[in-house]
Amino acid sequence: MAPQTRRLAFPKVVIERDSDTEQSSSDDEGQEEEEEEGPLSESESEEEGKENGFEEKSEENFDAKKKGKAPITISLKKVCKVCKKAGHEAGFKGATYIDCPMKPCFLCKMPGHTTMSCPHRVAIEHGVTPAPHRNTRNALEYVFERQLRPRMPLIKPAYVIPDEVNCAVIRYHSRRVTCLEFHPTTNNILLSGDKKGQVGVWDFCKVSEKMVYGNIHSCIVNNMRFNPTNDGAVYAASSDGTISCTDLETGIALSLMNLNPDGWQGPNKWRMLYGMDINQEKGVVLVADNFGFLYLVDIRTNSKSGEAILIHKKGSKVVGLHCNPIQPELLLSCGNDHFARIWDMRRLEAGSSLYNLSHKRVVNSAYFSPLSGSKILTTSQDNRLRIWDSIFGNLESPSREIVHSHDFNRHLTPFRAEWDPKDPSESLAVVGRYISENYNGAALHPIDFIDVSTGQLVAEVMDPNITTISPVNKLHPRDDVLASGSSRSIFIWRPKAKSEVGEQKDERKIIVCGRAEKKQKFGDQSDDSDDDTCKMKGKNIKSKKSRSKLTPNNLKRKR
DNA sequence: AGGCTATGCCCCC
DNA sequence: TGGGGGCCCTAGCC
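Treat the numbers as computed from the prediction; the structure is a model and nothing was measured.

*Asks:* Tell me about the protein's contact with DNA strand B, and please be specific about residues and values.
*Replies:* Within the structure, DNA strand B sits among 10 residues, and Asn 336, Arg 361, Val 362, Arg 410 and His 411 are positioned closest to it. In DNA strand B, atoms within 4 Å of the protein come from the sugar-phosphate backbone in 41% of cases. Note that a phosphate oxygen of DNA strand B is positioned 2.8 Å from one of the side-chain N or O atoms of Asn 336. At 3.1 Å, a side-chain N or O of His 411 approaches a base nitrogen of DNA strand B. Broken down by class, the residue content of the surface near DNA strand B amounts to one nonpolar, four polar and five charged.

*Asks:* Which residues make up unusual backbone geometry, and what values do they have?
*Replies:* Residues other than glycine seldom take positive phi values, yet Arg 171 does so here, at roughly 50 degrees. Along the chain, the position of Arg 171 falls in the loop between strand 5 (164-170) and strand 6 (177-182). The class of Arg 171 is buried, set by a relative accessible area of 8%. For Glu 426, which is not glycine, the phi torsion reads 50 degrees and is therefore positive.

*Asks:* A description of the sheet that holds strand 10 (residues 221-227) should follow, citing residues and the corresponding values.
*Replies:* With respect to topology, four strands assemble into an open sheet ordered 10-11-12-13, the strand pairing being antiparallel. Strands at the two margins of the open sheet, each flanked by one partner only, are strand 10 and strand 13 (253-258). Pairwise comparison of adjacent strand axes, ignoring direction, gives a mean angle of 20 degrees for this sheet.

*Asks:* Just give me the short version of the packing of aromatic side chains, but keep the residues and values in it.
*Replies:* Going through the model one piece at a time under the given rule, you end up with seven aromatic pairs. Ring centres of Phe 106 and Tyr 434 lie 5.9 Å apart, and the angle between their planes is 40 degrees; on these two criteria the pair is classed as tilted. With a gap of 328 residues between them, Phe 106 in the loop between strand 3 (96-98) and strand 4 (128-129) and Tyr 434 in the loop between strand 28 (428-432) and strand 29 (437-439) connect regions that are remote in the sequence. Note on Phe 106: relative accessible area 33%, which makes it partly exposed. Ring centres of Trp 264 and Trp 270 lie 5.6 Å apart, and the angle between their planes is 45 degrees; on these two criteria the pair is classed as tilted. Residue classification places Trp 264 among the exposed residues on the basis of a relative accessible area of 58%. Residue Trp 270 is classed as buried on the basis of its relative accessible area of 19%. Here a set of aromatic residues connected by ring pairs shows up, and it is made of Tyr 172, Phe 182, Trp 202 and Phe 204. Stacked on the ring of Phe 106, the Lys or Arg Lys 109 has its end atom at 5.0 Å from the ring centre.

*Asks:* Kindly report on the side chain of Thr 96, identifying the contributing residues and their values.
*Replies:* Looking at where Thr 96 falls in the secondary structure, it is placed in strand 3. Taking the relative accessible area as the measure of exposure, Thr 96 reaches 7% and is therefore buried. For Thr 96, the side chain forms a polar contact with the side chain of Asn 438, separated by 3.0 Å.

*Asks:* Explain the pattern of salt bridges to me, using residue names and the numbers behind them.
*Replies:* This structure, assessed with the given rule, holds 22 salt bridges. Residue Glu 329 is joined to Lys 282 by a salt bridge in which the shortest nitrogen-to-oxygen separation is 3.1 Å. Of the two residues, Glu 329 sits in the loop between strand 19 (318-323) and strand 20 (330-335) while Lys 282 sits in the loop between strand 14 (273-279) and strand 15 (284-289), which places them 47 residues apart along the sequence. Judged by its relative accessible area of 32%, Lys 282 is partly exposed. The partner of Asp 344 in a salt bridge is Arg 346, and the shortest N-O contact between them spans 3.0 Å. Assessed through its relative accessible area of 16%, Asp 344 is described here as buried. A relative accessible area of 60% means that Arg 346 is categorised as exposed.

*Asks:* Before we move on, can you summarise the pairing of strand 7 (residues 189-194) with the specific residues and values?
*Replies:* With six of six residues buried, strand 7 lies mostly within the body of the structure. Residues of strand 7 alternate between two faces, with Ile 189, Leu 191 and Gly 193 on one and Leu 190, Ser 192 and Asp 194 on the opposite face, all of them buried. When strand 6 meets strand 7, the two strands line up antiparallel, connected through five bridges. Bridged to Phe 182 within strand 7 is Leu 190. In this antiparallel pair of consecutive strands, strand 6 and strand 7, the connection spans six residues. In sequence, strand 7 turns back onto strand 8 (residues 199-203) through a hairpin of four residues, with Gly 197 there showing a positive phi of about 105 degrees.

*Asks:* Residues and numbers for the environment of Ile 342, please.
*Replies:* Structurally, Ile 342 is set in strand 21 (residues 339-344). Residues Ile 342 and Leu 296 lie 46 residues apart in sequence; the distance between their C-alpha atoms is 17 Å. Not counting residues up to four positions away in its chain, the partners in contact with Ile 342 are Leu 330, Leu 331, Leu 332, Ser 353, Leu 354, Tyr 355, Ile 376 and Leu 395.

Scoring rules and cut-offs
- Residues numbered from 1 in each chain as written.
- Chains lettered and ligands numbered in written order.
- Predicted model: local features only at pLDDT ≥ 70, side-chain atom pairs only at ≥ 80, totals over all residues.
- Heavy atoms only, no water.
- Near = heavy atom within 4 Å.
- Polar contact = N/O pair within 3.5 Å; in protein donor to acceptor, adjacent residues only side chain to side chain.
- Nonpolar A, V, L, I, M, F, W, Y, C, P; charged D, E, K, R; others polar.
- Helix = DSSP H or I, 4+ residues; strand = E, 2+ residues; numbered from the N terminus.
- Buried < 20%, exposed > 50% of the residue type's maximum accessible area, 1.4 Å probe, protein only.
- Pairing = 2+ DSSP bridges.
- Axes fitted to C-alpha atoms, helices over the stretch in contact; angles between N-to-C directions.
- Phe/Tyr/Trp six-rings, centres within 6.5 Å; stacked < 30°, edge-to-face > 60°.
- Lys NZ or Arg CZ within 6 Å of the ring centre and 35° of its normal.
- Salt bridge = Lys/Arg side-chain N within 4 Å of Asp/Glu carboxyl O.
- Contact = heavy atoms within 4.5 Å.

Shown next, in the form of structure tokens:
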């Protein structure tokens, strides 16, 4: 099957070097042409590999030399790197990845086909398993219809998709980004946590105003939340087993709880904190660890209240906690025991969950919908998003399952589908995609906007300069802004500038931090196509002219 | 420029 | 039921 290419045009960017960082910049790498690997070059390298393989890797040859026999000529037939069988090969053909046909589909996990021919392949109107017709009428559903439904608009407004990189900090963190959080009141402040335990504070309007605090945690920052009553303070839960409360002005961090007071006593003893949320009404920080336990910390006294409660399978990681935005008594948790669980805060004890939402694999995240709190969206490692349309209805099975590639590789931050907090219809979600797609010869990993009420892919957003996967995504609570974390870099996306309106100077500033490295992936690419719609489905974003207003790329590549 | 590796979950014995 | 080996699209460092 011929690898498919999606044609797409991208605007140009301005790159600036971070003035704070010392750089050795030798500009010996010019603008590289983005070349497609044709089948010819592919087969050439195969030949080479054959010879080298024979000389260096063939054990038979080695044995033969030892025993002084003539080397046996064996033909090292190319075998599939996945199943080790001959006749086919998994791997990249140009920018398209060809699956091993002997394995189940990489996307939907079902046998009998590969990703290329998967009926759930990410495309419009694919991937949805419709809800079975059920009678979900009960008293609570009635209450829902009476009290909540009238507040929800019947007509969905058109989605505004932040589909163009507006600014970025490249290699901002020293390890991959693990979480992002917008400041609750100051519109242009973004917080980021990383695998090393550092917390970044970035003003993405001033762009160069940024700060990384390195002394708050000693390893992975798994979740951050602002103090709802004091937005100058932010809480963070870390795999170092502590919760921190950091004053953003001073950078001074308090440690509220330490689950490893005796230090490293082996992997079976070391406790890590993952899921975290704040219940404002009850004045507690809720946090959960990698052994299945939930802890409550009183915000006023900054001390642990009560004993740890087993809320997931003993010994399993609890990766997510979310308090219902409307009903403060409702708590949602999810974890590695393949369950998301709903709890009544008034009756938190082992085994007393109200509902257990089962999944086929680990649940990376589970969130109540942001406005009514009546829907649930989960991301599971079985490559499916699941939606429960009403927590007052039948929770036996999800209302919808949407097949989507976010199966996570251990080296990535787990993907989490996040609600758009601005969408009054509570149906738009954003989630990064794992498998790449061939865009004009480049393998890119888009960030998907999905209408979870229909399963429709509303938009897939990408930039040719971002070749890394973007598992961490957050939509702004008020503005049409998307923040994405990809490897060590952070990107701010806004809707494409509409050239007609007001001649807005759209300077896209890219700050490059850190040590000089071999290749900078911000280059000048593809300015040919006139298909500039960024795969917006059913929406017309006029932006052809906007590209010409962007300053030409002047990045000097360095090594 | 290629090879290592940190790291998490799953599966199998 | 527990430990160890094995991984399908990593990314960055040596």
